[in-house]
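If you want the building blocks of each chain, they are given just below.
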Amino acid sequence: MANIEAGANGSQPRRSANASTMWFDGPLRLVDRVCLSSMVDVGMTVRLYTFGDVPNLPPGISVEDGRKVLDPKLIKRLIPIAKKHQRGWLPTCHFSDFFRIFQQKHDGNLWFDTDILMFRKFEYSPDTHIFAKESRFRMGFSVLRLPSFSPIIGEYQDLLCQPMLIPNWLGWRRGLLRPVIYRLFKKEFSPSDLGITIFANDALTRLTRRHRIGGQALPKASFYHWTGNQTLQIYRNISWSFFLDHSNHYGLHIHRKVDDNFKPEQGSLWSWAIGHYG
């Protein structure tokens, strides 16, 4: 990244290939097993935090107790009240958003979501912010490194001390309009009812602007060449060798996922990945 400089006396800056991630508990999906295996295969050292048993963890992954990083009782504060249909998955999703921030304070490793397929080793300076553009105006939250001095960590620490977890970085639609509508109709709500990405992509995008570090973002191609429904192309027999041939592609966040029993087309990227890591 642009702000990586030589160390004292002209020495090379410290470099690391250590990564951390989190799976709350229970068996991993096929996509997570494949992606975690790819991280190890390219030479990353991967630590997985968990709050229960993970019976099908791939070889080469070290396991740590997630309670060392963040108390799982936080989940109770992240349960949707208005959108009851999201109660089964959203609290854990939002808990993960907080977890990766406090993991930065705990071990200082680069954060990877468990669904990032790696093509080559990613080395970084522990003293830099690391994140990448997900689109022209939006930052991705699936790959993240915040140095200890980052003001973004402080923003989340301050938020966690509030009685209600409503961020001060929300835009007018989620920060003003939605709460007004809920109150107008006398409907109870929790912060999690304000939006799926309020602690994730939306937060990082707004906070990097607030603290004027958005210019440090890696290019979109580094981890988000395909996003949203575009990622379904990994299951189709289309050209994908550029991921392996071009060094600007470190990995790919698999945003859209299919069932474990889904059969990808022969010659597809996912067919290749399963053959290597499945």
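Residues numbered from 1 in each chain as written. Predicted model: local features only at pLDDT ≥ 70, side-chain atom pairs only at ≥ 80, totals over all residues. Heavy atoms only, no water.

### Quick look at the sheet that holds strand β6 (residues 143-144)
Here five strands make up an open sheet; going across it, the order is β3-β2-β1-β4-β6 and the pairing mixed. Among the strands making up the open sheet, the edge pair consists of β3 (61-65) and β6. Docked against the sheet, helix α1 (residues 30-41) engages β1 (18-22), β2 (45-50), β3 and β4 (110-112), running at close to 145 degrees with respect to β2. (Pairing = 2+ DSSP bridges. Helix = DSSP H or I, 4+ residues; strand = E, 2+ residues; numbered from the N terminus. Contact = heavy atoms within 4.5 Å. Axes fitted to C-alpha atoms, helices over the stretch in contact; angles between N-to-C directions.)

### As for the packing of α1 against helix α7 (residues 269-277)
Where α1 contacts α7, the two axes come as close as 9 Å, and the packing angle between them is 70 degrees. Classed by the angle they form, the pair α1 and α7 counts as roughly perpendicular. Two packed elements cross with a definite hand, and for α1 against α7 that hand is left-handed. Here α1 contributes L30, V31, V34, S37, S38 and D41 to the contact with α7, which in turn contributes W270, A273, I274 and Y277. Of the residues in the contact of α1 with α7, the class split is seven nonpolar, two polar and one charged. (Parallel < 35°, antiparallel > 145°, perpendicular 65-115°, else oblique. Left-handed = near helix turned anticlockwise from the far one by under 90°. Nonpolar A, V, L, I, M, F, W, Y, C, P; charged D, E, K, R; others polar.)

### Observations concerning the pairing of β1
Most of β1 is tucked away: four of the five residues are buried. Direction of pairing for β1 relative to β2: parallel, over a ladder of five bridges. When the sheet's bridge partners are listed, S20 is paired in β2 with R47. On the question of chirality, the crossover connecting β1 to the parallel β2 by way of α1 is right-handed. Pairing analysis gives two bridges linking β1 to β4, with the strands arranged parallel. Note on β4: the bridge partner recorded for A19 is L110. (Buried < 20%, exposed > 50% of the residue type's maximum accessible area, 1.4 Å probe, protein only. Right-handed = clockwise from strand over helix to strand, strands pointing away.)

### Some details on unusual backbone geometry
Negative phi is the rule for most residues except glycine; trans is the rule for most peptide bonds. Even without being glycine, K186 reaches a positive phi, approximately 55 degrees. Counting through the fold element by element, K186 comes out in the loop between α4 (172-184) and α5 (201-210).

### Description of helix α2 (residues 90-106)
End to end, α2 covers 24 Å across 17 residues, agreeing with the expected 24 Å (1.5 Å per residue, within 8%). Of all 17 residues in α2, 13 are buried, a share of seventy percent or more. Within two residues after α2, G108 carries a phi angle of roughly 70 degrees, on the positive side. (Expected span 1.5 Å × (residues − 1).)

### Looking at the confidence of the model for the chain
Summing up the model confidence of the chain, the mean pLDDT is 94 and the portion of residues at 70 or higher is 95%. When the criterion is pLDDT under 50, residues 1-10 qualifies, and its contacts beyond four places in sequence or with other chains add up to 17 contacts. (pLDDT = per-residue confidence, 0-100.)

### Concerning the nonpolar core
Formed by 38 residues in total, the largest nonpolar core has its most connected members in F95, F98, F99 and Y156. Tallying contributions element by element places α2 first for this core, with five residues. Those residues in contact with F95, other than ones at most four positions away along the chain, are M22, F24, F51, L70, D71, P72, L74, I75 and L78. Listed in part, the 24 residues of the second largest apolar core include M39, I116, F122 and F223. (Core = buried A, V, L, I, M, F, W, Y, C linked by side-chain atoms within 4.5 Å.)

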